[in-house]
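In case you want the letters, here they are:
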Amino acid sequence: IFVLVSQFDFSFDIMWKSVLPVVAAAQWTKMETDVTVHDPAVSSWVRGEEPPADHSVSLSVVVRIDDDRRADLERTFWEVSDPKHANYGKYLSRDQVTEILAVPQDRVERIQEYLASHDCTEINVAQQQDVVSVACPASAIETALNTKLHFFTHQEHTDIQIVRASQHYHLPEHMSADVVMVGELLQFPEMRQGSLNGLFGGKGEWPDTCADSKCSGLVTPAVLSARYRHPNATGAEEAVPGNSMAVAEFQGQTYKTADLDTFSTSCSIPQGVDTNIGDGHNDNKRSGVEAVLDIEFMKAVAPDVPLTVVYSSKYSLLDWCTQITNLENSPLIHSVSYGNDERQQSSEAFMVSANTAFAKAGARGLSILFASGDQGVCGREGCGGLFSAKRFKPDFPAASPYITAVGGTDFLSYIVGEEQVWSAGGGGFSDTFGIPAYQVDAVAAYKARADANLPDQAYWNNTGRGYPDVAALGGQKTSYCVQGSLTMVGVAGTSASCPVVAGIFAKLNGLRLAAGKPALGFLNPFIYQNPQAFFDVKHGMNNANNPYGFTATEGWDPASGFGTPNYDALADAAMAAVVVTV
């Protein structure tokens, strides 16, 4: 993702380009210096051949926003999201967000001119003028950014191939003061672990509620309804006008209608996707496990809420944010089961740019939920080395203060009832972002508890944003029964937890909209003001086979957040959150 902004006027920029061939070699500025270029020792991606010169590569250019404009966006975001603020629920329209950002047109034009001068085509400017999407030949990118590109293939998912820079990239000095970063050149996406798929033989001691015997003992929609107390989906519910929800899918995670139909028939649960953005629906390919997991269980929890699948063939967090914020009527709830370690190919500039995009969404009343990760406190990189040298690896976007992070649990025994932390559920404290105001008291209370059993301070950041915020079933002890292309299989991970929690909040939005109230928007202030609305998780540790992790305790903790949803209590709290009139 590019971020290009210039303090020079447009006429000077055109004049400068005329002398570019003479001075360019001596006037490059290295970008995203805090990012480590692809390291094969810790990466799951393997570098391959150079792409052909004419191979088209898509990039997103994030235009710098003036500091005062960003501050106005931030202020608005917090005010409309806080149930205790007079402006709670007074969300902005898409065009009003554009007005707040007030990106100068000449900045966008300079970016367009520079890219066009390097044979880039399909240059499109986002609705809010802060992102320019572009497709360029690989050779043009190498020239424009003074870098080198290669194909990279995932070690486990060998059918997935992406293009990334194999060395740092640079921008012309005359533009570097205006540029934040060029994303998806150094960032490598996380791919779902195969070990969390195809888990047969559930041991849950509850009645079979799906016709397929392979679901026996696995988590089904009826199990979730029994535990979290949301109405068991029957299809009898009527859609509330204006309510909506969405899941994000990337990199070949498409779905077949036949698989959704089979799941619906077997488990007597309504299914179906109402809207597709991108090419996520493909009846000629096998369904991706991630896609059908998200769709089947989000829709199982909230069958009355229209579901949108937002799909992109590449993984680009900022592209996805641009997609959803470009829409005039974007879905109100977004579930995303993707992420990476904060320090794993994610620069601070990248994370700040993503947070700005999340704030834009929240200011419009959109709720964004991310899975917290499936490798415990050590993240996707692992803690590495002798434990005396280890440091926990927080997840991003899960550790962003601007989204809701969803962790994972297991049943404490094999019956529907009390839960424990899934040992591999992501959680901890950000190394980049401080403790947001909405969780100051909760984090302090956790650290003060005698039974917190805090890990050595050398392993984690005591002043960082704590996550997850909430949790739901996601562990391997009793995995979810999912219909894939070949059969029903057990699937685990916070990728399961996230759409379930998102579906529950989508139902809560329906209650509010039906009563003439605005949607809940950014959820965390509401969550932290209503801890009584969750089933507290007091057992387990997210150490994922390491000696240390974070221990679940009474109240909020960085292993399960406030716990798992209690729909009845959440419905009462949601209906009590009102817009204050002044």
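Residues numbered from 1 in each chain as written. Predicted model: local features only at pLDDT ≥ 70, side-chain atom pairs only at ≥ 80, totals over all residues. Heavy atoms only, no water.

Looking at where Glu184 falls in the secondary structure, it is placed in the loop between α7 (173-176) and α8 (221-228). Take Glu184: its relative accessible area is 5%, and that puts it in the buried class. A distance of 3.5 Å separates polar atoms of two side chains, one belonging to Glu184 and the other to Ser316. (Helix = DSSP H or I, 4+ residues; strand = E, 2+ residues; numbered from the N terminus. Buried < 20%, exposed > 50% of the residue type's maximum accessible area, 1.4 Å probe, protein only. Polar contact = N/O pair within 3.5 Å; in protein donor to acceptor, adjacent residues only side chain to side chain.)

Attention now goes to the pattern of salt bridges. If the charged atoms of two oppositely charged side chains come close together, the side chains can form a pair. Applying the stated rule across the entire model yields 19 salt bridges. Here the salt bridges share partners, and the residues they tie into one network are Arg69, Asp72, Arg75 and Glu79. (Salt bridge = Lys/Arg side-chain N within 4 Å of Asp/Glu carboxyl O.)

The subject of this paragraph is empty space enclosed by the protein. Counting across every chain of the model gives five cavities of 30 Å³ or more. Every residue along the wall of the largest cavity is listed here: Glu184, Gln187, Phe188, Pro189, Tyr315, Leu317, Gly339, Asn340, Ser346, Phe350, Phe396 and Pro397. Among the residues making up the lining of the largest cavity, the classes are represented as seven nonpolar, four polar and one charged. Looking at the second largest cavity, the residues that line it are Glu190, Ser337, Tyr338, Gly339, Ala371, Gly373, Asp374, Arg380, Thr494 and Ser495. (1 Å grid on protein atoms, 1.4 Å probe; cavity = no way out; pocket = protein on both sides within 12 Å on 5 of 7 lines; lining within 4 Å. Points joined across faces, edges and corners; volume = space filled by probe spheres on them. Nonpolar A, V, L, I, M, F, W, Y, C, P; charged D, E, K, R; others polar.)

In this structure, Trp320, Phe358, Tyr480 and Phe505 are the most contacted members of the largest nonpolar core, which totals 161 residues. The element that contributes the greatest number of residues to this core is helix α14 (residues 494-514), accounting for nine residues. Residue contacts for Trp320: discarding those within four places in its chain leaves Ala248, Phe250, Val310, His334, Val336, Phe358, Ile368 and Phe370. Ranked by size, the runner-up nonpolar core spans six residues in total, among them Trp45, Ile160, Ile162 and Met191. (Core = buried A, V, L, I, M, F, W, Y, C linked by side-chain atoms within 4.5 Å. Contact = heavy atoms within 4.5 Å.)

At a minimum axis separation of 11 Å, helix α9 (residues 257-267) and helix α10 (residues 289-301) run at an interaxial angle of 45 degrees. Overall, the two elements α9 and α10 adopt an arrangement that is oblique. Crossing angle aside, the handedness with which α9 passes α10 is right-handed. Between α9 and α10, the contacting residues are Asp259, Leu260 and Phe263 on the first element and Val292, Ile295, Glu296 and Phe297 on the second. (Axes fitted to C-alpha atoms, helices over the stretch in contact; angles between N-to-C directions. Parallel < 35°, antiparallel > 145°, perpendicular 65-115°, else oblique. Left-handed = near helix turned anticlockwise from the far one by under 90°.)

What follows is about the sheet that holds strand β3 (residues 56-62). Within a sheet, each strand pairs with its neighbour through backbone hydrogen bonds, oriented either parallel or antiparallel. Reading across from one edge, β3-β5-β4 is the order of the three strands in this open sheet, with antiparallel pairing throughout. Sheet topology places β3 and β4 (121-125) at the edges, where each strand pairs with a single neighbour. Direction aside, the axes of adjacent strands within the sheet are offset by 15 degrees on average. Here β3 runs beside strand β5 (residues 131-137); their pairing, made up of seven bridges, is antiparallel. The partner of Ser56 across the bridge, within β5, is Pro137. The sheet strands contacting helix α5 (residues 105-116) are β3, β4 and β5, and the helix crosses β4 at an angle near 170 degrees. (Pairing = 2+ DSSP bridges.)

Let us now look at α5. Across its twelve residues, α5 extends 16 Å between first and last C-alpha, which sits within 8% of the 16 Å expected from 1.5 Å per residue. Turning to α5, its buried residues number three or more, namely Arg107, Val108, Arg110, Ile111, Tyr114 and Leu115. All buried residues of α5 project into a common sector of 160 degrees when viewed along the axis, lining one side. (Expected span 1.5 Å × (residues − 1). Arc of directions from axis to C-beta.)

Following the criterion strictly, the structure yields 29 aromatic pairs and no others. When the ring of Trp460 is compared with that of Phe550, the centres are 5.5 Å apart and the planes differ by 85 degrees; the resulting orientation is edge-to-face. Taken together, the positions of Trp460 in the loop between α13 (440-448) and β19 (464-467) and Phe550 in the loop between β23 (534-535) and β24 (564-565) put the pair 90 residues apart, joining distant regions of the chain. We note that Trp460, like Phe550, is buried. (Phe/Tyr/Trp six-rings, centres within 6.5 Å; stacked < 30°, edge-to-face > 60°.)

The next point concerns the environment of Lys256. The topology assignment puts Lys256 in the loop between β9 (245-250) and α9. The class for Lys256 is partly exposed, based on a relative accessible area of 23%. With 24 residues separating them in the primary sequence, Lys256 and Gly280 have C-alpha atoms 9.0 Å apart. With near-sequence residues (within four places) excluded, Lys256 lies in contact with Asn282, Asp283, Lys285, Arg286, Ser287 and Ser485.

Everything listed is a geometric property; what it means functionally is a separate question.
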